[in-house]
Amino acid sequence: MSDYYLELEKPIYEIEKRIKLIQKDIDADSSTEINKLRKEKEKMTKDIFSKLTRWERVQLARHPQRPFFMDYINHFVEEKIELHGDRHFADDPAVICIIGKIDKIKAVFIGQQKGRNTKERKYRNFGMANPEGYRKALRLMKLAEKFNKPIVTLIDTPGAYPGLEAEERGQGEAIARNLYEMMLLKVPVICIIIGEGASGGALGIGIGDKVIMLENTWYSVISPESCSSILWRSWDYKEEAANVLKLTPSDMKENKLIDKIIKEPLGGAHQNREKIFNTVKKEILSTYLDLKKKKIKDLLDQRLQRFTRMGVFNE
């Protein structure tokens with residue numbers, strides 16, 4: 001565990017510190033004590049993570065050590081080529097578009113990248129895309145369609161960039177255009193939320209044949225803080241807002257808004273990167289092989305039906 005930890009991780013971190021102190025002066029007796037502490041740590045971790053609140057899952061989705069888009073890409077995508085620019089205005093570093101191979105399957109990978117330090121975060125605009133980011137993504141989706149290659153989007157954004165210049169360049173239109181065009185893409189589209197899935201920022205690359213969420217992520221029309229500021233005129237009610245929004249993977253699955261939840265390693269994705277990378281890779285491959293068996297017409301019909309059913313209720 002790194003020196004950074006969430007409040008909910010503090011008891012686990014304290015045990016980890018004790019283990020490290022003992023390891024500095026290890027002998028036979030201390031080895032027994034270390035094993036005892038490790039068992040205690042595992043039991044405590046299971047107990048804490050078995051009863052996470054919605055707000056705690058939001059915090060885990062934002063964990064600074066959580067794997068980002070390029071971490072996944074660098075692990076399981078080979079022969080990578082990054083393509084830049086929307087051919088209208090500029091390149092948007094918040095959205096990365098990669099052509100590469102996952103095993104022997106050529107595909108287009110699209111996702112938001114937040115950045116690890118201050119310099120990277122500023123460059124990537126904290127993973128908040130401008131209109132050119134969505135137009136770049138659409139350009140690559142159309143390229144994938146032209147060459148009959150599947151599309152995989154890994155979603156992790158606090159939302160589309162809300163600045164005045166973004167609105168002037170057509171932020172709303174760019175996202176709406178992506179929703180329309182993605183619904184009609186004649187190739188399999190797989191969408192996986194790997195961190196935050198906020199508002200149109202996430203939905204702009206979130207229309208797919210299969211929509212999947214990692215266990216400790218969230219997906220909602222608005223963040224808990226913004227919802228709290230609108231409803232209560234204060235950010236102090238963000239935990240209540242998270243409960244009202246029902247934004248966790250289990251909530252999304254219950255409301256039939258996603259297809260599947262990927263279980264994370266004990267303690268969250270940041271605790272065992274190798275394991276979560278391999279799990280996501282296997283999920284992409286198995287999902288693609290299932291989608292590949294279907295006729296394109298059936299894929300398009302099912303994609304359209306699944307999204308038009310959302311938000312319709314009979315009383």
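The rules we used
Residues numbered from 1 in each chain as written. Predicted model: local features only at pLDDT ≥ 70, side-chain atom pairs only at ≥ 80, totals over all residues. Heavy atoms only, no water. Helix = DSSP H or I, 4+ residues; strand = E, 2+ residues; numbered from the N terminus. Buried < 20%, exposed > 50% of the residue type's maximum accessible area, 1.4 Å probe, protein only. Patch = residues over 30% accessible without salt bridge, like charges linked within 9 Å, V, L, I, M, F, W, Y side chains within 5 Å. Areas by Shrake-Rupley, 256 points an atom, 1.4 Å probe, with all protein chains shown as cover. Salt bridge = Lys/Arg side-chain N within 4 Å of Asp/Glu carboxyl O. 1 Å grid on protein atoms, 1.4 Å probe; cavity = no way out; pocket = protein on both sides within 12 Å on 5 of 7 lines; lining within 4 Å. Points joined across faces, edges and corners; volume = space filled by probe spheres on them. Nonpolar A, V, L, I, M, F, W, Y, C, P; charged D, E, K, R; others polar. Phe/Tyr/Trp six-rings, centres within 6.5 Å; stacked < 30°, edge-to-face > 60°. Lys NZ or Arg CZ within 6 Å of the ring centre and 35° of its normal. Core = buried A, V, L, I, M, F, W, Y, C linked by side-chain atoms within 4.5 Å. Contact = heavy atoms within 4.5 Å. Axes fitted to C-alpha atoms, helices over the stretch in contact; angles between N-to-C directions. Parallel < 35°, antiparallel > 145°, perpendicular 65-115°, else oblique. Polar contact = N/O pair within 3.5 Å; in protein donor to acceptor, adjacent residues only side chain to side chain. Arc of directions from axis to C-beta. Pairing = 2+ DSSP bridges.

Asks: What's the story with unusual backbone geometry in this structure? I'm lost.
Replies: Of all residues except glycine, most have a negative phi; of all peptide bonds, most are trans. Residue Asn148 is not a glycine yet carries a positive backbone phi of 55°. Examined against the element boundaries, Asn148 turns out to sit in the loop between helix H6 (131-146) and strand S4 (151-157). Residue Asn148 is classed as exposed on the basis of its relative accessible area, which comes to 54%. Even without being glycine, Arg233 reaches a positive phi, approximately 60°. Within the fold, Arg233 resides in the loop between helix H10 (224-231) and helix H11 (238-245).

Asks: Would you explain a nonpolar patch on the surface in this entry?
Replies: Nonpolar side chains collect at one region of the surface, where Ile230, Leu231, Trp232, Tyr237 and Val244 lie side by side and expose about 490 Å² of accessible area between them. As for its position among the elements, Val244 is in helix H11.

Asks: Is there a simple way to explain the layout of surface pockets in this structure?
Replies: Roughly 730 Å³ of internal volume is contained in the largest pocket. Along its surface, the largest pocket is lined by 23 residues, and Asn255, Lys256, Leu257, Met310 and Gly311 are the ones closest to its centre. Secondary-structure elements contributing two or more residues to the lining of the largest pocket are helix H9 (199-203), strand S7 (218-220), helix H12 (249-254) and helix H14 (296-309). Top element by residues in the lining of the largest pocket is H14. It accounts for three residues. Taken together, the residues of the lining of the largest pocket sort by class into 12 nonpolar, five polar and six charged.

Asks: How do you make sense of the packing of aromatic side chains when you look at a structure like this?
Replies: The relative placement of two aromatic rings is captured by the distance of their centres and the angle of their planes. All chains considered together, the criterion is met by four aromatic pairs. One aromatic cluster is present, built from ring pairs that chain together Tyr72, Phe76 and Phe277. For the cation-ring pair, Arg116 lies above Phe68, with the distance from its terminal atom to the ring centre recorded as 3.8 Å. Here Arg306 stacks its cationic end above the ring of Phe307, 5.2 Å away from the centre of that ring.

Asks: Got a minute to help me understand the nonpolar core in this structure?
Replies: Note on soluble globular proteins: their nonpolar side chains tend to be buried together. Ile110, Met141, Ile151, Leu185, Val211 and Tyr219 are the most contacted members of the largest nonpolar core, which totals 30 residues. Every element with two or more residues in this core is listed here: strand S2 (95-102), strand S3 (105-112), H6, S4, helix H8 (171-183), strand S5 (189-198) and strand S6 (210-214). Element by element, the count of residues in this core is highest for H6, at five residues. Look past the residues within four positions of Met141 in its chain and what remains in contact with it is Ile110, Ile151, Met182, Leu185 and Ile205. Grouped together as the second largest cluster of nonpolar side chains are 29 residues, Ile96, Ile194, Ile212 and Leu291 included.

Asks: Sorry, what's going on with the packing of helix H4 (residues 69-76) against helix H13 (residues 273-292) here?
Replies: Each pair of packed helices can be described by the angle between their axes along with the distance between the axes. Two elements in contact, H4 and H13, have axes separated by 10 Å at closest approach and are oriented at 75°. Our classification of the angle between H4 and H13 gives roughly perpendicular. Contacts between H4 and H13 involve Asp71, Tyr72, His75 and Phe76 from the former and Arg273, Glu274, Ile276, Phe277, Asn278, Val280, Lys281 and Ile284 from the latter. In the contact of H4 with H13, the residues fall into six nonpolar, two polar and four charged.

Asks: Can you walk me through the side chain of Arg303 in this structure?
Replies: Relative to the elements of secondary structure, Arg303 occurs in helix H14. Look at Arg303 and you get buried, because its relative accessible area is 0%. Polar side-chain contacts of Arg303 include one of 3.0 Å to the backbone oxygen of Val187. Filtering out sequence-adjacent residues up to four positions away, Arg303 remains in contact with Met182, Met183, Leu184, Leu185, Val187, Val189, Ile207, Gly208 and Asp209.

Asks: What's the story with H4 in this structure? I'm lost.
Replies: Every α-helical turn comprises 3.6 residues, leaving residues that sit three or four positions apart pointing alike. Buried within H4 are the following residues: Phe69, Met70, Tyr72, Ile73 and Phe76. The arc that holds the buried residues of H4, viewed along the axis, is 155°, so those residues lie on one side.

Asks: Is there a simple way to explain the pairing of S3 in this structure?
Replies: Look at any regular strand and the pattern is simple: side chains alternate between the two faces of the sheet. By the criterion of burial, S3 is predominantly enclosed, with seven of the eight residues buried. As judged from the eight bridges shared by S2 and S3, these two strands associate in the antiparallel manner. Across the sheet, Val95 pairs through a bridge with Gln112, a residue of S3. Linking S2 back to S3 in an antiparallel pair, the connection comprises two residues, with Asp103 at a positive phi of about 60°. Here four bridges tie S3 to S4, and the two strands are oriented parallel to one another. Within S4, the position partnered with Gly111 by the bridge is Leu154.

Asks: Looking at this structure, how should I read empty space enclosed by the protein?
Replies: One way to see where empty space is left: roll a probe the size of a water molecule over the atoms. The final tally for this structure, using the stated rule, is one cavity of 30 Å³ or more. What lines the largest cavity is Ile102, Ile105, Ala107, Pro150, Val152, Ile190, Ile284, Leu285 and Tyr288. Elements with a minimum of two residues in the lining of the largest cavity: S3 and H13. Of the residues belonging to the lining of the largest cavity, the class tally is nine nonpolar, no polar and no charged.

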